[in-house]
Amino acid sequence: MKALFNSMDPSILQTKPSTPLLYAATSSSCTSSETDESPATSDRFEFQNLKFKIPSNPTAGFYSYKSLAVLSGHIGSVSCLALCGEFILSGSQGKDIIVWQQPDLRQFTKFGQGDGSVKALASIGNKVFTAHQDSRIRVWKVSRSSENIFRLVDTLPTTKDYLGKFMKQSNYVQIRRHHKRLWIEHADSISCLAVHNGLIYSGSWDKTLKVWRISDFKCLESIKAHDDAINGLVSSKRIIYSASADGKIKAWEKEGKSTHSLKGILEGHKDVSVNSVAVSEDGSLVYGGGSDGYVLGWLGNKLFDSWRVICEVKAHEMAVLCMCLMGEFLCCGSADRSISIWKREINGGLFRFGVIKGHEGPVKCLQASPRCVGGGFMLYSGSLDKSLRVWWIPKYSGGTEDTSPIQRAEEISPFSF
């Protein structure tokens, strides 16, 4: 273990990644046809060199949200997270993207500096998409065969797309008085990305949703989706959900090869921005987090053309900024610097499972790992305090679920076991 720490970059040692560290039995898996260059994916995680043990038969009331590490290195607040094979990527307002190696949580490399504040990340196969404040999307190829593992291969809209459209007046849209742009361009910061069925979707503060084909990076469609900034995107089954500051979540379905139609509108609280959206794996349940601290849940029908409100919980005292679903658990990050963990009931309702504290600034982004780790899962959180924290969340409750809104998880200082 000492040899491991001695081999780390001194800047990483300042974060003191706490025991237990994780090791992985690694096998390569990917969704890209370029299998040999896709990032390897860890299939199984185990705890080693334990200073505490995860009970195989937990006693009643056992709750332990363990902070495994506090990772620093960003020069700005952490704004987005994404998993990419064996890596966890974190983007920041400081224009940099840091690649953290799993499972030992060391800083592997940096890329993307100088391209504007990073607003969103998405990955598929051996490609990483980064959205920036300069209204552009950058495409990076991940390759182990090159010294430059994350290599910039294109920027959206592409030059080819520009050249094919800039000569026609009909391709320009009015964005404000006396100012026009090509419809393939975003006119403001891109705030969110989603990848689905060979397409990448980008949502922007310019109120539009744009659709791009991954195979050739061509912009296929631009949708005037909302009356205010788009804050979040998520996909499930054949539906794309967009959350907006106009207080609505809209559901879009692909029709034909390149067009989308509005399937429904999920109304939130009046005059309250919907900052984030999450959807269950089967697509039946949709959750939205608002600037008033509430989380609303909707249940959709089998045709995904009608939704009804099934739950409404006061998750935080301040705005809900981000959410992610991991199985039956909904994790919510807030401007109040905490993360609330909710467990889904059979009917889609929510009860509070616990609260995590530790960040010194608002929690801006969350990413859960699908890998099962010691009867729980790994949760990554990024904050305006410029740090990325790593948590272990147990899936069991010891049969003592508390359906009241009282906080049950005490604050755990990093590295104190």
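Keep in mind it's a predicted model, so treat the numbers as computed, not measured. Numbering of residues begins from 1 in every chain and follows the order in which that chain's sequence is written. This being a predicted model, a pLDDT of at least 70 is required before a residue's local features are given, and a value of 80 or more before pairs of side-chain atoms are given or counted; all residues contribute to the totals for chains, interfaces and linings. Heavy atoms throughout the structure, all of them, feed into the side-chain values; hydrogens and water do not.

## Looking at the sheet that holds strand β28 (residues 338-344)
Next, step 1: Being paired, for any two strands, means DSSP has found at least two bridges between them. Only DSSP runs of H or I with at least four residues qualify as helices, and only runs of E with at least two residues qualify as strands; both kinds are numbered from the N terminus onward. Across the sheet, which stays open at both edges, the 4 strands sit in the order β26-β27-β28-β29 with antiparallel pairing between neighbours. With one partner strand each, in any of the chains shown, β26 (320-326) and β29 (350-357) form the two edges of the open sheet. On average, each strand axis in the sheet is tilted by 20 degrees relative to the strand beside it, whichever way the strands run.
Next, step 2: Here 5 bridges tie strand β27 (residues 329-334) to β28, and the two strands are oriented antiparallel to one another. When the sheet's bridge partners are listed, Cys331 is paired in β28 with Ile341. Orientation is described by axes fitted as lines to C-alpha atoms, over the contacting stretch for helices, and by angles from 0 to 180 degrees between their N-to-C directions.

## A word on the packing of aromatic side chains
Next, step 1: In this scheme Phe, Tyr and Trp rings, the latter by its six-membered ring, pair at centre separations within 6.5 Å, and the angle between planes marks the pair as stacked below 30 degrees, edge-to-face above 60, and tilted otherwise. The tally for this structure, following the rule as stated, stands at 8 aromatic pairs.
Next, step 2: Taking 4.8 Å as the distance between ring centres and 65 degrees as the angle between the ring planes, the aromatic pair formed by Phe111 and Trp140 counts as edge-to-face. With Phe111 in strand β7 (residues 106-111) and Trp140 in strand β10 (residues 137-142), this residue pair connects regions lying 29 residues apart in the sequence.
Next, step 3: The exposure class of Phe111 is buried, given its relative accessible area of 6%.
Next, step 4: Arranged with centres 5.9 Å apart and planes meeting at 45 degrees, the rings of Phe329 and Phe377 form a pair that is tilted. Of the two residues, Phe329 sits in strand β27 while Phe377 sits in strand β31 (residues 376-383), which places them 48 residues apart along the sequence.
Next, step 5: We classify Phe329 as buried; its relative accessible area is 1%.
Next, step 6: Owing to a relative accessible area of 1%, Phe377 belongs among the buried residues under this scheme.
Next, step 7: Within the aromatic cluster, the residues linked to one another by ring pairs are Phe87, Phe108, Phe111, Trp140 and Phe150. Relative accessibility decides the category of a residue: with a 1.4 Å probe and only protein chains considered, values under 20% of the type maximum give buried, values over 50% give exposed, and everything between is partly exposed.

## A look at the UniProt feature "repeat: WD" (unreviewed entry) in the chain
Next, step 1: Here, the residues flagged by UniProt with the feature "repeat: WD" (unreviewed entry) are residues 183-222, 223-253 and 356-391.
Next, step 2: With 0% helix and 57% strand, the stretch residues 183-222 has end C-alpha atoms that lie 7 Å from each other.
Next, step 3: Helix and strand shares over residues 223-253 are 0% and 68% respectively, and the end C-alpha atoms of the span are 12 Å apart. UniProt positions are given in the numbering used here, feature names are shortened, and annotations may be inferred rather than shown by experiment.

## A word on the nonpolar core
Next, step 1: Ile339, Ile341, Leu366, Phe377, Leu379 and Ile393 are the most contacted members of the largest nonpolar core, which has 18 residues in total.
Next, step 2: Contact criterion: two residues are considered in contact whenever any of their non-hydrogen atoms come within 4.5 Å of each other. For Ile393, the contacting residues outside a window of four places in its chain are Tyr65, Ile341, Ile356, Gly376, Phe377 and Leu379. Residue types Ala, Val, Leu, Ile, Met, Phe, Trp, Tyr and Cys, when buried and joined through side-chain atoms within 4.5 Å, form a set referred to as a nonpolar core.

## Notes on the layout of surface pockets
Next, step 1: In this model, the second largest pocket occupies a volume close to 220 Å³.
Next, step 2: Forming the boundary of the second largest pocket are 14 residues, of which Val173, Ile175, Asp206, Thr208 and Lys224 lie nearest the centre.
Next, step 3: Elements represented by at least two residues in the lining of the second largest pocket include exactly β12 (172-176), β13 (179-182), β16 (208-213) and β17 (219-224).
Next, step 4: Residues that form the lining of the second largest pocket fall into these classes: 6 nonpolar, 3 polar and 5 charged. Only protein atoms enter the 1 Å grid, on which a cavity is a set of points fitting a 1.4 Å probe that cannot get out and a pocket is an open set with protein on both sides within 12 Å along at least 5 of 7 lines, lining residues being those with an atom within 4 Å of a point. Grid points are joined across faces, edges and corners, and a volume is the space filled by probe spheres set on the points. The residue classification treats Ala, Val, Leu, Ile, Met, Phe, Trp, Tyr, Cys and Pro as nonpolar and Asp, Glu, Lys and Arg as charged. All others, Gly included, are polar.

## Focus on the sheet that holds strand β23 (residues 285-290)
Next, step 1: In spatial order, the strands read β22-β23-β24-β25; together these 4 strands make up an open sheet with antiparallel pairing. The sheet is open, and its two borders are formed by β22 (274-279) and β25 (307-314), each paired with just one other strand. On average, each strand axis in the sheet is tilted by 20 degrees relative to the strand beside it, whichever way the strands run.
Next, step 2: With 5 bridges joining them, β23 and strand β24 (residues 294-300) adopt antiparallel strand pairing. Within the sheet, the bridge partner assigned to Tyr287 lies in β24 and is Gly297.

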